[in-house]
Amino acid sequence: MTIKLSKEVENALANGKPIIALESTIISHGMPYPDNVKTALMVEKFIRERGAVPATIAVIAGEIRAGLTADEIDELGKKKDVVKVSRRDLAYVVSQKRWGGTTVAATMIIAKRAGIKVFVTGGIGGVHRGASDTFDISADLDELGKTNIAVVSAGPKAILDLNKTLEYLETKGVPIIGYQTTKMPLFYTMSESEEVLYRFEEASDIATYIKAHNQLNLENGVLIFNAISAEDALPYTEVENAIDQAIREMKRAGISGKEETPYLLSKVAEITKGRSLKANISLLLSNVALGVEIAKALTNNEN
Ligand code: PSU
Ligand code: MN
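Quick caveat: nothing in here was measured; it's all calculated off a predicted structure.

Conventions and cut-offs
Residues numbered from 1 in each chain as written. Chains lettered and ligands numbered in written order. Predicted model: local features only at pLDDT ≥ 70, side-chain atom pairs only at ≥ 80, totals over all residues. Heavy atoms only, no water. Salt bridge = Lys/Arg side-chain N within 4 Å of Asp/Glu carboxyl O. Buried < 20%, exposed > 50% of the residue type's maximum accessible area, 1.4 Å probe, protein only. Near = heavy atom within 4 Å. Polar contact = N/O pair within 3.5 Å; in protein donor to acceptor, adjacent residues only side chain to side chain. Areas by Shrake-Rupley, 256 points an atom, 1.4 Å probe, with all protein chains shown as cover. Helix = DSSP H or I, 4+ residues; strand = E, 2+ residues; numbered from the N terminus. Nonpolar A, V, L, I, M, F, W, Y, C, P; charged D, E, K, R; others polar. Pairing = 2+ DSSP bridges. Core = buried A, V, L, I, M, F, W, Y, C linked by side-chain atoms within 4.5 Å. Phe/Tyr/Trp six-rings, centres within 6.5 Å; stacked < 30°, edge-to-face > 60°. Lys NZ or Arg CZ within 6 Å of the ring centre and 35° of its normal.

Undergrad: Please clarify how the pattern of salt bridges should be interpreted in this entry.
TA: Considering all chains together, one arrives at 18 salt bridges under this definition. A salt bridge links Arg65 to Glu63; the shortest N-O distance between them is 2.7 Å. Look at Glu63 and you get partly exposed, because its relative accessible area is 35%. Three or more residues are tied together by salt bridges with common partners; here these are Glu8, Glu44 and Arg48.

Undergrad: I would appreciate a short explanation of the site of ligand 1 in the present structure.
TA: The full set close to ligand 1 counts 15 residues, and Glu23, Lys84, Val104, Ser138 and Asp140 are the nearest of them. In this structure, His128 approaches ligand 1 through a side-chain N or O atom, which is 3.1 Å from an oxygen atom. Here Thr261 contributes a side-chain N or O atom positioned 2.9 Å from an oxygen atom of ligand 1. Alone, ligand 1 offers 470 Å² of accessible surface; in the complex the protein occludes 94% of this. Breaking the shell around ligand 1 down by element, the ones donating at least two residues are helix 2 (25-30) and helix 12 (260-271). Each residue belonging to the shell around ligand 1 can be placed in one class, and the counts come to 4 nonpolar, 7 polar and 4 charged.

Undergrad: Explanation requested: the pairing of strand 4 (residues 63-66) in the structure shown.
TA: Relative to strand 4, strand 1 (residues 4-5) runs parallel, the two being bridged by 2 bridges. Counted as the bridge partner of Leu5 is Ala66 from strand 4. Looking at chain direction, strand 3 (residues 53-60) and strand 4 are connected through 4 bridges and run antiparallel. Each residue of the ladder has a partner; that of Ile57, found in strand 4, is Ala66. Two successive antiparallel strands, strand 3 and strand 4, enclose a turn made up of 2 residues, where Ala61 displays a positive phi of approximately 45°.

Undergrad: In this structure, what is going on with the nonpolar core? I would like to understand it.
TA: Side chains of nonpolar character tend, in soluble globular proteins, to be buried together. Counting 41 residues, the largest nonpolar core has Leu90, Ile124, Leu144, Val151, Leu169 and Leu223 as its most contacted members. In terms of residue count, the dominant contributor to this core is helix 6 (residues 104-114) (7 residues). Membership of the second largest hydrophobic core comes to 40 residues, among which are Met31, Ala207, Val288 and Ala295.

Undergrad: Looking at this structure, how should I read the packing of aromatic side chains?
TA: Aromatic ring pairs: the centre-centre distance and the angle between the two ring planes describe each pair. Enumeration according to the criterion identifies 3 aromatic pairs in this entry. Aromatic pair Phe187 and Tyr188: ring centres 4.6 Å apart, planes at 40°, arrangement tilted. When its relative accessible area of 2% is taken as the criterion, Phe187 is described as buried. Judged by its relative accessible area of 1%, Tyr188 is buried. A centroid spacing of 6.4 Å and a plane angle of 40° characterise the contact between Tyr198 and Tyr209, whose relative ring orientation is tilted. You can see Tyr198 sitting in strand 12 (residues 198-200) and its partner Tyr209 sitting in helix 10 (residues 203-215), a full 11 residues away along the chain. Among the residues examined, Tyr198 registers a relative accessible area of 39% and is labelled partly exposed. Linked through ring pairs, Tyr198, Phe200 and Tyr209 together constitute an aromatic cluster. Sitting above the plane of the Phe46 ring, Arg50 keeps its charged end 3.5 Å from the centroid. Taking NZ or CZ as reference, Lys157 lies 5.8 Å from the ring centre of Phe187, over its face.

Have a look at this one:
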C-alpha cells in the first residue's frame, strides 16, 4: 500500500515521536460544515499542543494519505461527493481517483501500515439495532479482530446494540480496556449495567498492556474506552428516546446500509437540538488527550 505522509508525520515516524491517527468519516459524513472542519482543526491543534503529531487519514483524489493540510481538511469537509470508505471501498476510491473519508476500519488499516501505534476516534461502529433481521454489522468490528493498532474511543456509538456489539468483539478476541472506568461508556452517555473487561488507572499502565499485547504477536487490535466526562454526558434515557425516534424516522425514510450511521447521528443531533454534537466534540477531545498520553508512554517504553 502506498501511503503519502505529510512532512510532519514523516519526521515524527523517523524520530520516534508520538503520533495520533485520526479518521475522516467524521469530517466527510459525521458533522455538518463548517463544524466538521473546525472540529478537525481543533483536534489537530490540541494534539500538537500536547507534544504529539496528528495524522488525519483520508483518500485525496485517489491518494492514500496520513497527515493532511488545513486546506485539504477544508475541502474534504466541503466536498459533496466524498465516499465513505471502509475496507471494501479502498481499492475503488484509489482506482477511480475519488476523495474518501475513512471509517474506523479503513483508518486502522492505513494507520497500521504507516507504522502508527495509536488511533483516536469518537465512537466505534458495531452491531446495529435490528441486526438479527438486517445483518448490519460494522466492518469496524472485523477490522478490530485482525488489525493490531490501539484504538481509543468513548465506546460503541450509542445508536448501536451494545450487547450484541460486545458479544461480537468477544468472538473476535478484541480486548476492552476501560480507562478509569468499569462501567461501559456509550459514546454521549454511560451504560449503567455493562462492565468493561479490564480497568486501568493510568495511561502508562495501558501502554504497558499494549506492549505485552504486541510482544505476544496477537494480530487483533486493542480497544481503549474512555468515558465522556459526567458534566458533558447526556442523560441515558434522553439519548435512548432520541435514538428510538431517529430509528423510526430512518425506517420511514427507507435509509439502510452505509447511510445508517451518518443518518442516525445527524437525526439525534437534530432531536437533541445540537447537544449530542456538543457532547461528540467534548468526548473526542477527551479521547485525544488520553491517546496522546498513551502514545507518549509507548514511546517511553520503547526507548
Ligand atoms: N462519526 C460520525 N459519523 C460517522 C462515523 C463516525 O460522527 O458516520 C463513522 C465512523 O467512521 C465509523 C463508521 O467507523 O461511522 C461506522 O459506520 P458503519 O456502521 O457503516 O460501519
Ligand atoms: Mn453497516
